[in-house]
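Tertiary structure, described
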Amino acid sequence: MTRVGLIGLGRTGSIVARELLNHPDFQLVMSLVSPGSARAGLDIGEYLGIGSRGLSIKGGNHLESELTAANPQVIVDFTSPEACLRNIHLVARHEKPIIIGTTGFDSQQIQFLRMMALQNRAPILFAPNMTLGINVLMNLVIKTAEVLPNWDIEIIETHHRHKKDAPSGTAVKIGKLLADHLDRPEESISFGHERVGQRGPNTIAIHAVRGGGVVGVHQVVFLSENEKLEIRHESFSRSAFVECLEHLIRFAVLALPGFYTVEEVLGLVPPGKRRSSSTQADIA
Ligand SMILES: NC(=O)c1ccc[n+]([C@@H]2O[C@H](COP(=O)([O-])OP(=O)(O)OC[C@H]3O[C@@H](n4cnc5c(N)ncnc54)[C@H](OP(=O)(O)O)[C@@H]3O)[C@@H](O)[C@H]2O)c1
């Protein structure tokens, strides 16, 4: 059994904890929340409503002692950029591989994580989007754009009515990837169409649809005078990313020190050849 330490037990961390607590190959040995959190001290199973599991949730101020006492083989982080950057020093000092699922880092912070990975004696896996299908979709849209560079590109994302940000970070990331690979300025990315006159040839338009309980749909539509090609991904459940996380955990415990992106771990880009977007700010 691989011993996993989880930092963050919010909306996403709770989904991950449930999966890990019931997983045949992984053992959740550490669960941290923010220092002083009301959740600290509770049994994680009781907190998640799945019955006591004998593992108590600790405040983030116990990270050092937990790394020693629980001795996890890999850390999974779903917190915030500030919390992650604060905690990663201790994780590095204990030479633990870390999978960063947290999003919202700016490009300087990502550069800092890269630098840290060069000095560390353990790998850093940077995974702002852990949905397997979305990572494959990103690969497919780049290939399509390279073959059909003059077709019009429209990105449509649909999410539940509660989603706070629009457009989704993933849609913006797809737009940036395409602009990057088609050598178009970021200004070519427009949010919806609001102007007089016809569509610009270089425009990459992003549209957000909000409603109901839709977990997440991303469509990338390529249009020419005579044809339309659509690449579409739909998440059916909020734990769509857990399958990818399993891949990442298995990779992290065996990986050499270094900075890895999801694309590399999934073999979507050759090791060391990164998509330029992985240096840009990732958007939540
Ligand atoms: N990579 C992906 O595919 C993916 C998928 C979903 C979400 N995410 C990202 O994951 C992150 C978390 O999302 P969420 O919706 O779960 O947020 P959330 O509900 O706000 O949960 C954040 C968690 O982090 C904990 N935390 C905050 N500061 C901490 C510290 N210093 N030490 C330890 N724990 C600390 C919080 O503790 P308390 O419980 O005490 O407040 C809370 O449990 C976001 O960046 C989100 O965009 C990524």
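Residues numbered from 1 in each chain as written. Predicted model: local features only at pLDDT ≥ 70, side-chain atom pairs only at ≥ 80, totals over all residues. Heavy atoms only, no water.

With respect to the overall build of the protein
- Looking only at helices and strands, the protein features nine helices and 12 strands.
- Taken over C-alpha atoms, the radius of gyration comes to 20 Å for the protein, in line with the 19 Å a tight globule of 284 residues would show.
- With the C-alpha coordinates aligned to their principal axes, the bounding extent of the protein is approximately 65 × 40 × 30 Å.
- Put simply, the protein has 284 residues, and 51% of those count as buried. (Helix = DSSP H or I, 4+ residues; strand = E, 2+ residues; numbered from the N terminus. Rg over C-alpha atoms; globule rule 2.2 N^0.38 Å. Buried < 20%, exposed > 50% of the residue type's maximum accessible area, 1.4 Å probe, protein only.)

Quick look at the packing of helix α4 (residues 81–93) against helix α5 (residues 107–119)
- Here α4 crosses α5 at 10°, and the two axes come no closer than 12 Å. When the interaxial angle is binned, α4 and α5 end up roughly parallel. Residue-level contacts link P81, L85, I88, H89 and A92 of α4 to Q109, F112, L113 and M116 of α5.
- Split into classes, the residues belonging to the contact of α4 with α5 amount to seven nonpolar, two polar and no charged. (Axes fitted to C-alpha atoms, helices over the stretch in contact; angles between N-to-C directions. Parallel < 35°, antiparallel > 145°, perpendicular 65-115°, else oblique. Contact = heavy atoms within 4.5 Å. Nonpolar A, V, L, I, M, F, W, Y, C, P; charged D, E, K, R; others polar.)

Examining the pairing of strand β1 (residues 2–7)
- Counting buried positions over the six residues of β1 gives five, a clear majority of the element.
- Here six bridges tie β1 to strand β2 (residues 26–33), and the two strands are oriented parallel to one another. Bridge pairing in β2 links L6 to S31.
- Here four bridges tie β1 to strand β4 (residues 74–77), and the two strands are oriented parallel to one another. By the bridge assignment for β4, G5 is matched with I75. (Pairing = 2+ DSSP bridges.)

A few points about the domain arrangement of the protein
- With domains assigned, the protein is organised as domain 1 (2–130 + 239–265) and domain 2 (133–235).
- Computed from C-alpha atoms alone, the centre-to-centre distance between domain 1 and domain 2 is 31 Å.
- Contact residues are listed per partner, giving seven residues for domain 1 and six residues for domain 2.
- With both sides pooled, the region where domain 1 packs onto domain 2 buries about 430 Å², and carbon together with sulfur makes up 42% of that total.
- For the pair domain 1 and domain 2, the interface holds zero salt bridges.
- Here domain 1 is connected to domain 2 by two residue pairs in polar contact (both at pLDDT 80 or more).
- Its residues assigned to classes, the side of domain 1 that touches domain 2 shows four nonpolar, one polar and two charged. (Domains from an automatic or database assignment. Buried area = accessible area lost by both parts, 1.4 Å probe. Salt bridge = Lys/Arg side-chain N within 4 Å of Asp/Glu carboxyl O. Polar contact = N/O pair within 3.5 Å; in protein donor to acceptor, adjacent residues only side chain to side chain.)

Let's talk about unusual backbone geometry
- Of note, the amide linkage connecting A166 to P167 takes the cis form, showing an omega dihedral of -5°.
- Along the chain, the position of P167 falls in the loop between β7 (152–159) and α7 (169–181).
- Of note, the phi angle at N71 is positive, near 45°, even though the residue is not glycine.
- Residue placement: N71 occurs in the loop between α3 (63–69) and β4.
- A residue is classified by how much of its surface remains accessible, and N71, at 40% relative accessible area, is partly exposed.
- In this structure, E95 is a non-glycine residue whose phi angle is positive, near 55°.

Focus on the sheet that holds strand β10 (residues 216–223)
- Spatially, β8-β9-β7-β10-β11 is the arrangement adopted by the five strands of the open sheet, whose pairing is mixed. Unpaired on one side and paired on the other, β8 (189–191) and β11 (228–235) mark the two borders of the sheet. The average angle at which neighbouring strand axes cross in this sheet is 15°, direction not considered.
- Relative to β10, β7 runs antiparallel, the two being bridged by seven bridges. Across the sheet, the residue bridging to I156 is Q219, located in β10.

Here's the deal with the environment of F112
- Counting through the fold element by element, F112 comes out in helix α5.
- Through-space distance from the C-alpha of F112 to that of A127 is 15 Å; in sequence the pair is 15 residues apart.

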